[in-house]
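Coordinate inspection notes
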Amino acid sequence: MSGPEVTAQDAPVGEPELVHAFDGPMPTGVTVSAAGRVFVNYPLWGDDVPATVTELRDGVAVPYPDEAWNSPGGDDDASAFVSVQSVVVDPADRLWVLDTGSPMFRPTSKGGPKLVCVDLATDEVVQVITFDTDVALPSTYLNDVRFDLRRGEAGTAFITDSSDSGPNGIVVVDLASGRAWRRLHDHPSTKAQPWSEFRPVVEGRPFVQRPEPDAEPQPVAMGADGISISADGERLWYCPLASRRWWSVSVDALADEQADESRVAATVRDEGDKGTGSDGLETDDEGRLYLTAYEHDAVLCREPDGTFRTVLHHPSVLWPDTMAVADGYLYVTANQLHRQATYQGGEDLRERPYALFRVPIDAGPVRLR
């Protein structure tokens with residue numbers, strides 16, 4: 001007996017509005033200023049990257065703040081961007097650029113890993129914070145950052161270290177002095193879940209490390225990646241990339257430079273199984289938490305009462321990576337990360353263009369200042 005000509009198909013949720021299509025290198029981070037300026041970054045993972053940080057102006061990605069800052073002299077250049085993983089506009093409407101200093105995931109050298117502040121009123125760099133080698137280790141991969149400007153003289157930043165070959169953790173930065181310290185250093189909550197517990201599936205296929213056709217598949221091992229701060233500034237949420245679990249920790253404990261590790265670890269809370277592997281996290285001023293769901297081409301939302309709902313699910317949202325909240329919209333990059341050759345037996349299956357989407361939400365960004 002022959003079946004019907006048309007069968008039911010996966011139903012989308014929400015309607016992604018295309019903000020920008022990328023025909024060049026794959027983007028990861030996105031952020032939006034109070035005036036609606038959109039900034040995007042592109043890490044050096046093998047693509048030709050003319051500029052690792054750009055501003056989208058009239059449909060064109062323009063090097064930001066200029067070409068000189070996007071022309072490093074080496075992996076340890078403290079006066080230029082080396083390989084940027086994240087860009088974030090802070091509560092004072094300044095742009096912060098998180099530089100891994102690690103093109104192609106190479107070991108870092110002092111001067112490369114850094115946090116750079118750009119004044120959006122003048123488009124000039126006003127602060128560069130580099131990290132000592134006991135904070136940004138040779139294996140460190142600085143991934144994403146959030147801010148609370150109420151803590152300390154000039155505010156405090158919190159950064160995930162998502163290394164797949166060394167200790168994971170949270171880097172805390174005093175923005176006034178530039179002092180930085182590691183917290184939850186290699187704590188179990190910052191680590192990838194064992195392969196026996198987590199075998200991610202993306203586009204119906206196992207998501208594994210397999211850089212050559214005959215290579216034995218290996219688990220993806222990236223640790224603490226997504227990060228977000230609660231609307232009241234009391235808890236920092238984070239999740240390893242290779243995990244379906246997420247966690248939170250007291251911001252008071254993290255920000256206390258004198259606190260010992262056991263005191264900080266005692267404030268860690270297992271927030272449970274979120275039902276998907278996630279790359280990015282974000283929060284809004286209504287107390288909602290958003291998480292990308294790379295196993296489901298989706299973005300989910302955890303309401304303040306703990307319930308979950310789907311904000312966006314669409315076949316074009318292939319590997320939702322980083323989110324930003326601005327002007328009543330949730331922005332998200334979709335970059336097909338899982339289709340890179342390192343996960344596909346050496347064959348690059350990505351199809352340009354990559355995308356920046358947005359969907360409406362009835363909320364604004366968290367501004368702790």
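Up top is the structure.
Notes on the structure follow. (Residues numbered from 1 in each chain as written. Predicted model: local features only at pLDDT ≥ 70, side-chain atom pairs only at ≥ 80, totals over all residues. Heavy atoms only, no water.)

1. Regarding the pattern of salt bridges
Stated formally: Note on definitions: salt bridges are taken to be side-chain nitrogens of Lys or Arg within 4 Å of carboxyl oxygens of Asp or Glu. Comment: elements are numbered from the N terminus, with helices defined as DSSP H or I runs of at least four residues and strands as E runs of at least two. Only protein chains enter the accessibility calculation, which uses a 1.4 Å probe. A residue is then buried if its area is under 20% of the maximum for its type, exposed if over 50%, and partly exposed in between.
Taken as a whole and assessed by the stated rule, the structure comprises 29 salt bridges. Of the charged contacts in the structure, one is a salt bridge between Glu55 and Arg37, with a shortest N-O distance of 2.8 Å. One end of the pair, Glu55, is in strand E4 (residues 53–57); the other, Arg37, is in the loop between strand E2 (30–32) and strand E3 (38–41), with 18 residues separating them in the sequence. Among the residues examined, Glu55 registers a relative accessible area of 5% and is labelled buried. Among the ionic pairs, Glu295 bridges to Arg244, the shortest N-O distance being 2.8 Å.

2. Observations concerning the packing of aromatic side chains
Definition in use: For this analysis, a ring pair means two rings from Phe, Tyr or Trp (six-membered ring only for Trp) whose centres lie within 6.5 Å, classed as stacked if their planes differ by under 30 degrees, edge-to-face if by over 60, and tilted for the remaining angles. Note on criteria: charge over ring means Lys NZ or Arg CZ within 6 Å of the ring centre, with the direction from the centre no more than 35 degrees off the ring normal.
One pass over the full model with this rule turns up 13 aromatic pairs. Ring geometry for Phe105 and Tyr141: centres 4.9 Å apart, planes at 35°, overall tilted. Note that Phe105 is positioned in the loop between strand E7 (95–99) and strand E8 (114–119) and Tyr141 in the loop between strand E9 (124–130) and strand E10 (142–148), a separation of 36 residues in sequence. Judged by its relative accessible area of 45%, Phe105 is partly exposed. On the accessibility criterion, Tyr141 (5% relative accessible area) is buried. Measuring from centroid to centroid gives 6.1 Å for Phe207 and Tyr294, while their planes differ by 65°, and the two rings are edge-to-face. Placement of Phe207 in the loop between strand E15 (205–206) and strand E16 (224–229) and of Tyr294 in the loop between strand E21 (289–293) and strand E22 (298–302) is noted, with a sequence separation of 87 residues between them. Just as Phe207 is buried, Tyr294 falls in that class too. An aromatic cluster of three or more residues is present, and its members are Phe207, Tyr294, Trp319 and Tyr343. One cation-aromatic arrangement involves Arg199 over Trp195; the distance from NZ or CZ to the ring centre is 4.3 Å.

3. Brief notes about empty space enclosed by the protein
To keep things clear, this is the line we draw: A 1.4 Å probe that fits but cannot get out identifies a cavity on a 1 Å grid over protein atoms alone, an open set with protein on both sides within 12 Å along at least five of seven lines counts as a pocket, and a residue lines either if it has an atom within 4 Å of a point. Grid points are joined across faces, edges and corners, and a volume is the space filled by probe spheres set on the points. Nonpolar residues are Ala, Val, Leu, Ile, Met, Phe, Trp, Tyr, Cys and Pro. Charged residues are Asp, Glu, Lys and Arg, and all others, Gly as well, are polar.
For the coordinates displayed, the defined rule picks out 3 cavities of 30 Å³ or more. Taken together, 23 residues line the largest cavity, and the ones lying closest to its centre are Val88, Val89, Glu282, Pro365 and Val366. Here the residues of the lining of the largest cavity are counted per class, giving 15 nonpolar, 3 polar and 5 charged. By volume, the second largest cavity amounts to about 60 Å³. Partitioning the lining of the second largest cavity into residue classes produces no nonpolar, 7 polar and 4 charged.

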